[in-house]
Amino acid sequence: MKRKIAASLLTLCMLTGMAYVAPAAPSPAPEEPEPAYTMIPAPQTSKASGQSIRISWTSSQDESVKTYYVMRRATKDNQGTGKWKTIAKVKSDAVNGGPDNSYTDQLSSYEPQQYEYKICTLSKDKTIDTRTAEFAQETDQLVSLGTNVKICIDPGHYGTVNNNYDLTGEDGKQPYSEAKFTLKIAKALQEDLKDTYGIDSYMTRTKKKISLAYNGKKYVNENLDSSNIAVRGYMAKANDCDFFISLHTNSTSRTTKPWSQSKKINKAYVFVNQIAHASSQSMLIANTIGTSLTEYNQEAGIQTAGFTPREANRAVAFTDLANDAANENGTVLYRKGSSGADYYGVLRGCNTDGVAGILVEHAFHATKVMRKQARASSDLYENWAACDAYGIANGFGFISVD
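Reading the values: rules and limits
- Counting restarts for each chain: residues are numbered from 1 in the order of the written sequence.
- The predicted origin of the model limits local features to residues at a pLDDT of at least 70 and limits the giving and counting of side-chain atom pairs to 80 or more, whereas totals for whole chains, interfaces and linings rest on all residues.
- Side-chain measures here rest on the full set of heavy atoms in the structure, leaving out hydrogens and waters.
- The helix count covers DSSP runs of H or I at least four residues long, the strand count covers runs of E at least two residues long, and both are numbered beginning at the N terminus.
- Each radius of gyration reported is based on C-alpha atoms, and the globular scaling rule is 2.2 Å times the count of residues to the power 0.38.
- Per-residue accessibility, obtained with a 1.4 Å probe over protein chains only, is compared with the maximum for each type, and a residue is labelled buried under 20%, exposed over 50%, and partly exposed between these values.
- By the convention used here, residues are in contact when the closest approach between their heavy atoms is within 4.5 Å.
- Note on areas: Shrake-Rupley, 1.4 Å probe, and residue coverage restricted to the protein chains presented here.
- Buried residues of nine kinds, namely Ala, Val, Leu, Ile, Met, Phe, Trp, Tyr and Cys, make up a nonpolar core once their side-chain atoms join them within 4.5 Å.
- Residues forming no salt bridge and having over 30% relative accessible area are the ones grouped into patches, like charges within 9 Å of each other and nonpolar side chains (Val, Leu, Ile, Met, Phe, Trp, Tyr) within 5 Å.
- Within this document, salt bridges are pairs made up of a side-chain nitrogen of Lys or Arg and a carboxyl oxygen of Asp or Glu, the two lying within 4 Å of each other.
- Residues counted as positive are Lys and Arg, residues counted as negative are Asp and Glu, and His and the chain ends are not counted.
- Each charge is placed at NZ for Lys, CZ for Arg, CG for Asp and CD for Glu.
- Buried and open spaces are told apart on a 1 Å grid over the protein atoms alone, a cavity being a set of points where a 1.4 Å probe fits but cannot get out and a pocket being an open set with protein on both sides within 12 Å along at least five of seven lines. Residues with an atom within 4 Å of a point are the lining residues.
- Grid points are joined across faces, edges and corners, and a volume is the space filled by probe spheres set on the points.
- In the scheme used here, Gly and all other residues not listed as nonpolar or charged are polar, with Ala, Val, Leu, Ile, Met, Phe, Trp, Tyr, Cys and Pro taken as nonpolar and Asp, Glu, Lys and Arg as charged.
- Strand pairing requires that DSSP identify at least two bridges connecting the strands.
- Lines fitted to the C-alpha atoms define the axes, with helices restricted to the stretch that makes contact. Angles between their N-to-C directions range from 0 to 180 degrees.

**Overview of the overall build of the protein**
Logical step 1: Within the protein one finds 11 helices and 17 strands.
Logical step 2: In terms of C-alpha radius of gyration, the protein reaches 31 Å, well past the compact-globule figure of 21 Å for 402 residues.
Logical step 3: Seen along its three principal axes, the alpha-carbon backbone of the protein occupies a region of about 115 × 55 × 45 Å.
Logical step 4: The 402 residues of the protein split such that 48% are buried.
Logical step 5: Sequence-distant contacts in the protein: of pairs separated by 6 or more residues, those separated by 24 or more amount to 72%.
Logical step 6: Working note: accessible area of the protein is about 20,200 Å², and carbon and sulfur atoms make up 49% of it.

Given below as structure tokens:
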């Protein structure tokens, strides 16, 4: 019957001169769309208190999410291990944008703790839960480390302090400023602590200039370098930090060619304050940093001396003779002032507030070989920062060193 009707229509069109349009084929039935699911980027983590970690994530996908699941698992040697646990359910407001979503993970103790976190989702129509095994491969790529530890990082000095810019000849080759270079180390250290170990930090300065407020007074530049230096150390407790580290490069008391010393003088020194000196944890940090710096400096060809670790309450006293000596091992030192308190103001400041602190002399800027590598590339300050971060992570128990 259909063929006869179609033929009649064709005949009619031929007689009238109308165009003939064949009937359209029936459209296939629309395919059912696959259920939609949402993947959340790696969350941000931060120390909320000594006993809590804050986890936050974007709200740009709230419209497609019914519920967010905050997932946590333990770590071993800085890697997530074991099963994921749902520690919180956060209801979406179903509106994209606005403030980030967040949850504060309350911990069982004040002991240093590190976890791996990720955010899974329940779809808006409640049909897909990305906690299930089929999504594990995707969600396990979107994780962040978080800890309840925060470090106060003090980039030594300010501006262009301790530079050889006005010198000529050998002493003037490879121009260098300790203050400028310690800021580079500090920024790399802050990044390494967070990205590699999930450790938060506060920096006493982030630019050439330094400006700090304490007890209603404001201190700037030379007032924090030639006087009131303890204020830099006070910043540790003021910013809820668990440890203080001041970053430096060393010099010499020699008066002959003070900026052209042999690389044999290079050594890593780590000074500890009174609290750190008595702490096995802090001495472990100091020893690990000193050993790591020495190994790197030797491989980089800027140091021949070794490093001698020290036990708690067994650090050695500083002397100009050992400091200036060739091929004298680096080590951990405890230096007192005439009053019996910590010699260095930054260490005295954090010690006064009950915070363990160290001052790291990474190598001698008095050696041209060190300055040459400092100017050649970012390798030196990046690797020094990695050594510092590694020592801190080891001391807080997030990695184990064989």
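**Remarks on the nonpolar core**
Logical step 1: In terms of nonpolar packing, the biggest core is built from 50 residues, with Ile151, Ile153, Ile245, Val272, Ile358 and Trp384 touching the most fellow members.
Logical step 2: Those elements that place two or more of their residues in this core are strand S9 (150-155), helix H4 (178-197), strand S13 (243-250), strand S14 (269-272), helix H7 (280-300), strand S17 (357-364), helix H10 (368-376) and helix H11 (379-395).
Logical step 3: Within the second largest apolar cluster, 24 residues are counted, among which are Ile210, Tyr219, Ala230 and Met235.

**Focus: a negative patch on the surface**
Logical step 1: Where like charges cluster on the molecular surface, the negative patch consists of Glu191, Asp195, Asp379 and Glu382.
Logical step 2: Listing elements by their share of the negative patch, those giving two or more residues are H4 and H11.

**Brief notes about the layout of surface pockets**
Logical step 1: Put simply, the largest pocket is a space of about 580 Å³.
Logical step 2: What lines the largest pocket is a set of 31 residues, among which His157, Asn162, His248, Tyr344 and Glu361 lie closest to the centre.
Logical step 3: Put simply, the parts of the chain that give the lining of the largest pocket at least two residues each are helix H5 (230-238), S13, helix H8 (320-324), helix H9 (345-352) and S17.
Logical step 4: If one sorts the elements of the lining of the largest pocket by residue count, S13 sits on top with four residues.
Logical step 5: Looking at the lining of the largest pocket residue by residue, the classes come out as nine nonpolar, 13 polar and nine charged.
Logical step 6: As for the second largest pocket, its lining consists of Tyr165, Pro175, Tyr176, Ser177, Lys180, Phe181, Lys184, Ala374 and Arg375.

**Regarding H5**
Logical step 1: The buried fraction of H5 is high, at seven of nine residues.
Logical step 2: Every buried residue of H5 is accounted for by Ala230, Val231, Arg232, Gly233, Tyr234, Met235 and Ala236.
Logical step 3: Positive backbone phi, at 55 degrees, marks Asp240, one or two positions downstream of H5.

**Some words on the sheet that holds strand S6 (residues 101-106)**
What holds strands together in a sheet is hydrogen bonding between their backbones, with the strands either parallel or antiparallel.
Logical step 1: Read from one edge to the other, the open sheet built from three strands follows the order S1-S2-S6, with strand pairing classed as antiparallel. Of all the strands in the sheet, just strand S1 (44-49) and S6 have a single pairing partner and so form its edges. Strand-to-strand twist in this sheet, taken as the mean axis angle between neighbours without regard to direction, amounts to 25 degrees.
Logical step 2: Pairing of strand S2 (residues 52-57) with S6, which is carried by six bridges, proceeds in the antiparallel orientation. Among the inter-strand pairings, Ser56 is bridged to a residue of S6, identified as Ser102.

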